[in-house]
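# Close look at the chain arrangement
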Amino acid sequence: MEEVDVEPTVTNIPAASDGKHLGFAWGPGDILVYETLYKGSDAKGSGCSFIHEVRKDEDIYSPILRKLFNESHHIFVGLQTIREDLPSKNKKNQFVSISKNYRSVIRACMEELQQVAVSTKEAAVATQYGNQVSILLAIELIWNLCEVLFIDAAPAGSLLLHLLDWVRLHKADVDEKAREVLQSESPAEHRDYWDVVVSYVLQGRLEEARSMYKLIDTLLSRMPFYNPGGNQTLTEFDVKWRHWHDEVNRCLQDNSFASNRHLEIICKILAGDEDTLLEHKELLSTWYHFLVTRLLFSHPTVKPTELHYYAQSCLTMFLDSRSVPEPLDNILLAAFEFDIHQVIKDCSIALNNWWFVAHLTDLLDHCKLLQSHNLHFGSNLREFLLLEYASGLFTHHSLWQLAVDYFDHCPEFGHVYLELQIERVPLDTERKALKVLRICDQRQMSEQVRSICKIMAMRALRNNRLGSALSWSIRAKDAAFATLISERFLQDYCTRGTFSDLDLIDNLGPAMLLSDRLTFLGKYREFHKLYGEKRFGEAAKLLLSLMTAKIAPRSFWMTLLTDALPLLEQKEVIFSADQTHELMFCLEELTSCLNASALGSPKTSQDEDIELTKVELLRLSLARNLAMAIIKEGTVEA
Amino acid sequence: MENINAKYVSQKISKTRWRLVSHASLQQPDVFATGSWDNEVNKISFWSIGNHGSSDMDDGFEGDPQLLCEHKHDGDVLDLQFLDQDRIVTTSSTGAVTIFRLHQNSQTISVAQRWPRAHGFPCENAPCTGVVCSSPEIVTVGEDGKIIVFRADQEGVIRVIENADSSTIHAVTYLRTTEILTVNSIGQLKLWDFRQQSNAPSQILSLSGDRVPLHCVDRHPNQQHIVATGGQDGMLCVWDVRQGSTPFSLMEAHSAEMWEVRFHPTNPDHLFTCSEDGSLLHWETSTSSDMPSFLQGGRNNSMISRSAMAPAGGNQSLINAWLSGDSSKGRLETTHMLPSQTLSVNSLDVLGQCLVCGTDGEAIFVNRQVPV
């Protein structure tokens, strides 16, 4: 087994008594913990009969974060269907726009959480939401950096511009402060004035800085910025920049700004003086801001491969000797080193929810940036993370529907996971069962369809809803169950003498063919209808065919023959001689069977008497009918 | 499609309904109610789109639905309907029927009346699947195959038709003031006349082929004998209940269950359907003296079949455009109203020029400029 990356966190279970041994069982997204009977040395008190559910991921139960899952699901499904045959430049633009979509969704969620955190009166809620906001901030920061470095993959020159945008986006308080300063009566006297100017310069927003201060205008206005779309090559830009940089240094050496300390500071910043930059730590507030600013004013043509060198040194310079880099810092550092796997790994450990790593890895995989990194159990990294995320979603009472799409796009194990999980969705209403069935139908999961239909049909049968049960067995094409239902109907008929649910039996339609017993039921009902309409000839034919074509179950033959009695006793001859012969044959077959079985099973003498009487009556009627039929058929019409 | 706004609401929506507006005023609807399902705590909510007669609505964000108020609901909301301006009736998966009252001044909701076990099996709950009301009468149907009639201000039940159906009744609608129409899961439409005392339907209609379960039904607003249904296979059927027992026309509409079908209440040449496959279709037919429309009794496989001729103005045919004519040229146009790849659209409602629908992707879509 591999070694542990970080020390595992300890969670206390408050309701469990001290000293008791706990047992546990893994679930897909949580752990069930219970107290065992094993008594430790200082165990006290009686056992507790509760089961505790320990959940790691609370985020999916947060109402505002749920929107994140739903909206990102939409983006995810859209990403999977991007056509492979597009030229790579178009694809890159599409991937970048998808990445921006994800980020805007994160931001929208963050803003809403922030609003609630600020406006709520309960302290616990405010802290919880505040924590979620800071996590989302970090996630968006990392995602944005990954977009700049990996997906957009800007080359030297534009790289710095993108990094500048990245830093500016995540340090929005400068604009607020600037607004405050400008709205005051005399901006130049405001105590934050120089902070604002310096902040603008640190962010490379020289236009804004210029508008704040005119004197340093010329230097600021002449700083060259790389224009990716223009026809200036990197070397030309480099030359221009060096000229400007030399000019700045000359200004410093000439002491042109000696009179104004602030302007001198700004000039030193423009010259890229590290010590001056480090003096403004509060304005920079983060080491990556320091990194970008330093690069802007000393190495604007930095290449992507050189970034990590500067990143490491900036981190070390920025942090005090006492403070330790936080997990976020390590993740960003790994990103600057272009070590995607390390980024993903660190994020997986730091966050309690697989959402971020799953979606980011999927996007990077589509950009073909992940080497096929086979894990021990055969699937690749993208699939592993997606499966983990989707399995977590499946435990949620409502978000399980999203998980289905994620499983669909995991080619190796997705189908198996889905098969195992879909059967465990609780089915309270028929509507939910129909939705689950539709999911199974669309993916040709016929086993699951059969099993779900059987569950629903059994429930319907238990509640005496024979029509519902039949419609479920038709859906599953389950002949065995249809037979069961028909047996129920026939039993009802035998006990009560009439059919229940005539609306169903009369309107079976082609469903009748699903099972033999069902066909028999339909045809038997038809016989009754024909008899009721006094169409005796057709009724007789039908009755006979039911027995001779062996559609009727043997156990029902007695009933059928008894039904034939009134037809035999009519004044008019209904059964022809041949038909009567067939009836007699059936009767003989039946009695011989009964005699054979009668030896085994004990019957009361009353039952036996009834049976014998019935048989005798039948024999008599058949004989009489045969006589009349022979006479009728033998008579020559005059 | 440019006028459609999506709002994510953190709950799967099972039903949406516009609040009724008085016919006299030409106001567009501004408030709608939604019910959720499959949540640990389900809710009914009222939303406002702030449509107070202003005509220029080019700013999409202005139309974002705002939550007015919400209330806990026991069990999934399986159906929901406005009883009058302030009250809605909901049916639940626990078999309960509840009337909620919206208090406009304080923007709160309270439970006005409740029948907790209206529908049920002897040993477990039976979800109550559909409701229709014409104040003060309320008719509900459920998985137990019962039809129950209530009155809004009376405690008990007015009438129960036990064992009205041996299978689940999925939806119910009024045909006339004393007649209702139900659809069930063995593909039958049954007409019930409340003036008769017997517990048997006065008429049964069904498709001659497979017994496909029917999930939704709606009656033509002006012509009471024309009814549209949607079923498990996504087929849209239009029936004439006076004639015969088979549908007049069958159209392939969706590739999965159709959950809701609605005629436009004031412009019935327009029909809307929504389905499990995530699409919402707007069907438009046009009346003209050429007796347009689709093939008689057969299946129309093409979704869009528009005649090249412009409709001749002037005399309106008496035969309704939804029923078949002899012309072989179709004059039926269908448009998708949602961006693709949403999860199932469970419900829709249309009033005036406004359309609202709710999906399993926990989103509500509102379109304020439906071309009708």
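Residues numbered from 1 in each chain as written. Chains lettered and ligands numbered in written order. Predicted model: local features only at pLDDT ≥ 70, side-chain atom pairs only at ≥ 80, totals over all residues. Heavy atoms only, no water.

In the nomenclature of an unreviewed UniProt entry, chain B corresponds to Nucleoporin 43 from the organism Gasterosteus aculeatus aculeatus.

For the record, the criterion: UniProt positions are given in the numbering used here, feature names are shortened, and annotations may be inferred rather than shown by experiment.
Looking at an unreviewed UniProt entry, one finds chain A named Nuclear pore complex protein Nup85 and attributed to Gasterosteus aculeatus aculeatus. We quote the UniProt Function (unreviewed entry) comment for chain A here in full: "Functions as a component of the nuclear pore complex (NPC)." Regarding chain A, the relevant UniProt record gives this comment under Subunit (unreviewed entry): "Component of the nuclear pore complex (NPC)."

### Focus on unusual backbone geometry
Residue and element names in this part refer to chain B. Our working definition: Labels follow the DSSP assignment, with helices taken as runs of H or I lasting at least four residues and strands as runs of E lasting at least two, numbered in each case from the N terminus.
A cis amide bond links Ser135 to the next residue, Pro136, at an omega of 0°. Turning to its location among the elements, Pro136 is positioned in the loop between strand 10 (128-134) and strand 11 (137-142). Notably, Ser10 is not glycine yet its phi reads approximately 60°, a positive angle. Assignment of secondary structure puts Ser10 in the loop between strand 1 (4-8) and strand 2 (12-18).

### Observations regarding helix 21 (residues 430-442) of chain A
Residue and element names in this part refer to chain A. Selection rule: By this rule the span expected of a helix is its residue count minus one, scaled by 1.5 Å. Burial classification: accessible surface area is computed with a 1.4 Å probe over protein chains only, and a residue below 20% of its type maximum counts as buried, one above 50% as exposed, and the rest as partly exposed.
Compared with the 18 Å implied by 1.5 Å per residue over 13 residues, the 18 Å span of helix 21 between its first and last C-alpha is a close match. A large share of helix 21 lies buried, amounting to 11 of its 13 residues. Every buried residue of helix 21 is accounted for by Glu430, Arg431, Lys432, Ala433, Leu434, Lys435, Val436, Leu437, Arg438, Ile439 and Cys440. Just downstream of helix 21 lies Gln444, where phi reads positive at about 55°.

### Digging into the pairing of strand 7 (residues 87-92) of chain B
All names here are of chain B. Put simply, the rule reads: Strand pairing requires that DSSP identify at least two bridges connecting the strands.
Most of strand 7 is tucked away, with six of its six residues classed as buried. Because side chains alternate across strand 7, one face comprises the buried residues Arg87, Val89 and Thr91, and the other comprises Ile88, Thr90 and Ser92, equally buried. The pairing of strand 6 (residues 77-82) with strand 7 spans five bridges and is classified as antiparallel. Among the inter-strand pairings, Phe82 is bridged to a residue of strand 7, identified as Ile88. Here strand 7 folds back onto strand 8 (residues 97-103) in antiparallel fashion, the turn holding four residues, of which Gly95 has a positive phi close to 90°.

### Observations concerning the environment of Gly130(B)
Assignment of secondary structure puts Gly130(B) in strand 10. Spatially, the C-alpha atom of Gly130(B) lies 19 Å from that of Leu20(B), the residues being 110 residues apart in sequence.

### Some remarks on the pairing of strand 1 of chain B
Residues and elements named next belong to chain B. The element strand 1 is extensively covered by neighbouring structure, given that four of its five residues are classed as buried. In this structure, strand 1 lies alongside strand 29 (residues 363-367), joined through five bridges in antiparallel fashion. Bridged to Lys7 within strand 29 is Ile364.

### Considering the interface of chain B and chain A
Accessible area lost when the parts come together is the quantity often used to give the size of an interface. Note the cut-off: Note on contacts: a residue pair is in contact if any heavy atoms of the two residues lie within 4.5 Å. As a working definition, buried area equals the accessible area (1.4 Å probe) given up by two parts on being put together, with both sides summed. Basic side-chain nitrogens of Lys or Arg form a salt bridge, by our definition, when they fall within 4 Å of a carboxyl oxygen of Asp or Glu. Polar contact is the term for a pair of N or O atoms within 3.5 Å; when the atoms are in protein, one must be able to donate a hydrogen and the other to accept it, and sequence-neighboring residues count only if both atoms are side-chain atoms.
Each partner contributes residues to the interface: chain B has 51 residues there, and chain A has 43 residues. Together, the buried faces of chain B and chain A total about 4000 Å²; carbon and sulfur atoms form 45% of this surface. Considering only the surface of chain B that becomes buried against chain A, Tyr8(B), Ser166(B) and Gln341(B) emerge as the three largest contributors, covering 17% of it. Summed over the shared surface of chain B and chain A, the result is six salt bridges. On the surface where chain B and chain A come into contact, there are 30 residue pairs in polar contact (both at pLDDT 80 or more). Contributions of two or more residues to the side of chain B that touches chain A are made by strand 2 and strand 16 (188-193) of chain B.

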